[in-house]
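Residue-level listing of the chains:
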Amino acid sequence: MAAIAKERIVKISKLLIENIEKYGDKISPKTCEAIFLQAHYFTPDNIEICTKISQFYNAVQENQKASLFMSKVGELYEKMGDIGLALPAYEKSTVLYPQNILNRLKLLEIYEKLENREKLKESGMEFFSYLRQSNNDSDENVMERVCKSLLKVDSSLALCHDELIKIYNKRKDKASAIAEYEALIQIYEKADDKEGMVK
């Protein structure tokens, strides 16, 4: 019984989407949105519907919502165990709405899993710069995670050690701050940067 009901719901969702594809140019964006969301309500785990909703929101320049649904596509692929397909969805979602911090963290996590050091560093440095510019204290834990991820790829990133020192000093975590100071000193010694050591 439940299987039949589910099958009927999937059919209804498909019909709703087909109607948009056939008559979308004659339907107002608000009505299209309502139909899309109804289809998603019936079948929330449908990758195709989530993708189409993301494309719709992108077309009407609602990038935050477009990002949200593309992120759902990534989550659904991840649940299926397909990181290879989840990754481009998360990447696209981040492009659509770079302010989505959870997406950016997810990207770093996937690059780490895939051992893609180049992309991890590139994405991590972009995220690092974004967090520095946003200058939001609530992003402190996020900054710590980003710095730690970057240091796994390149332990000589003085900027990351410096940022971690600020975070640990603020938390009054002397042991962690000292460890970061020591790492910084080693970096400057290798580079023979006496000015940096004085700072």
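About the criteria used
- Residues numbered from 1 in each chain as written.
- Predicted model: local features only at pLDDT ≥ 70, side-chain atom pairs only at ≥ 80, totals over all residues.
- Heavy atoms only, no water.
- Helix = DSSP H or I, 4+ residues; strand = E, 2+ residues; numbered from the N terminus.
- Buried < 20%, exposed > 50% of the residue type's maximum accessible area, 1.4 Å probe, protein only.
- Contact = heavy atoms within 4.5 Å.
- Areas by Shrake-Rupley, 256 points an atom, 1.4 Å probe, with all protein chains shown as cover.
- Phe/Tyr/Trp six-rings, centres within 6.5 Å; stacked < 30°, edge-to-face > 60°.
- Lys NZ or Arg CZ within 6 Å of the ring centre and 35° of its normal.
- pLDDT = per-residue confidence, 0-100.
- Axes fitted to C-alpha atoms, helices over the stretch in contact; angles between N-to-C directions.
- Parallel < 35°, antiparallel > 145°, perpendicular 65-115°, else oblique.
- Left-handed = near helix turned anticlockwise from the far one by under 90°.
- Expected span 1.5 Å × (residues − 1).
- Salt bridge = Lys/Arg side-chain N within 4 Å of Asp/Glu carboxyl O.
- Core = buried A, V, L, I, M, F, W, Y, C linked by side-chain atoms within 4.5 Å.
- Nonpolar A, V, L, I, M, F, W, Y, C, P; charged D, E, K, R; others polar.

Q: What exactly am I supposed to notice about the overall build of the chain here?
A: A count of helical and extended segments in the chain gives eleven helices and zero strands. Secondary structure elements of the chain occur, N-terminal to C-terminal, as α-α-α-α-α-α-α-α-α-α-α. Taken over 199 residues, the chain has a buried fraction of 40%. Long-range pairs, those at least 24 residues apart, make up 45% of the contacts in the chain with a sequence separation of at least 6. Of the accessible surface of the chain, which amounts to about 12400 Å², a share of 54% is contributed by carbon and sulfur atoms.

Q: It is not clear to me how the packing of aromatic side chains should be interpreted in this structure. Could you clarify?
A: When we look at a pair of aromatic rings, we describe it by the centre distance and by the angle of the planes. The tally for this structure, following the rule as stated, stands at four aromatic pairs. Ring centres of Phe36 and Phe56 lie 5.3 Å apart, and the angle between their planes is 45°; this geometry places the pair in the tilted category. Taken together, the residues Phe36 in helix H2 (residues 29–42) and Phe56 in helix H3 (residues 47–59) connect sequence positions 20 residues apart. For Phe36, a relative accessible area of 6% corresponds to the buried category. Among the aromatic residues, those joined into a ring-pair cluster are Phe36, Phe56, Tyr57 and Phe69. Geometry around Phe69 places Lys72 over its ring, the cationic atom sitting 4.7 Å from the centre. Over the face of the ring belonging to Tyr130 we find Arg104, whose NZ or CZ atom lies 5.0 Å from the ring centre.

Q: So what exactly am I meant to see when it comes to the confidence of the model for the chain here?
A: Keep in mind that low pLDDT regions are not for reading the predicted coordinates in detail. Confidence in the prediction of the chain, expressed as mean pLDDT, is 87, and 87% of residues score 70 or more. For the chain, helix H11 (residues 194–198) is the element with the lowest average pLDDT, namely 51, and helix H4 (residues 63–79) is the one with the highest, namely 96.

Q: It is not clear to me how the packing of helix H7 (residues 117–134) against helix H8 (residues 140–153) should be interpreted in this structure. Could you clarify?
A: The angle between the axes and the distance between the axes are what describe a pair of packed helices. Here H7 crosses H8 at 150°, and the two axes come no closer than 9 Å. In terms of axis orientation, H7 runs roughly antiparallel to H8. H8 is crossed by H7, and the crossing has left-handed handedness. Contacts between H7 and H8 involve Arg117, Leu120, Lys121, Gly124, Met125, Phe127, Phe128, Leu131 and Arg132 on the former and, on the latter, Val142, Met143, Val146, Cys147, Ser149, Leu150, Lys152 and Val153.

Q: Looking at this structure, how should I read helix H5 (residues 83–96)?
A: Think of an α-helix as turning once every 3.6 residues; residues three or four places apart then point the same way. Taking 1.5 Å per residue, 14 residues should reach 20 Å; H5 reaches 20 Å between its end C-alpha atoms and fits that length. Taken as a whole, H5 has its buried residues at Ala86, Leu87, Ala89, Tyr90, Ser93, Thr94 and Leu96.

Q: It is not clear to me how the pattern of salt bridges should be interpreted in this structure. Could you clarify?
A: Two side chains bearing opposite charge may form a pair once their charged atoms approach each other closely. Applying the stated criterion across every chain yields a total of 16 salt bridges. With a shortest N-O distance of 3.7 Å, Glu109 and Lys113 are connected by a salt bridge. Here Lys113 and Glu109 lie together in helix H6 (residues 101–113), a separation of four residues that amounts to about one turn. On the basis of relative accessibility, which here comes to 30%, the residue Glu109 falls in the partly exposed class. Notably, a salt bridge pairs Lys121 with Asp154, separated by 2.9 Å at the nearest N-O pair. Highlighted residues: Lys121 in helix H7 and Asp154 in the loop between H8 and helix H9 (158–170), separated in sequence by 33 residues. Within this structure, Glu140, Glu144, Lys148, Lys170 and Arg171 form a network of salt bridges that share partners.

Q: Got a minute to help me understand the nonpolar core in this structure?
A: Nonpolar side chains tend to gather and get buried jointly when the protein is soluble and globular. By size, the foremost hydrophobic cluster in this structure holds 46 residues, and its most contacted members are Val73, Phe127, Phe128, Leu131, Val142, Val146 and Cys160. Beyond its immediate chain neighbours, meaning those up to four positions away, Val73 contacts Ile47, Cys50, Thr51 and Ala89.

Q: Looking at this structure, how should I read the packing of H4 against H5?
A: At a minimum axis separation of 8 Å, H4 and H5 run at an interaxial angle of 165°. Our classification of the angle between H4 and H5 gives roughly antiparallel. As for the relative orientation of H4 and H5, their crossing is left-handed in sense. When H4 is examined against H5, the residues Asn63, Ala66, Ser67, Met70, Ser71, Val73, Gly74, Glu75, Tyr77 and Glu78 are found in contact with a partner set consisting of Leu85, Ala86, Ala89, Tyr90, Lys92, Ser93 and Leu96. Its residues placed into classes, the contact of H4 with H5 shows nine nonpolar, five polar and three charged.

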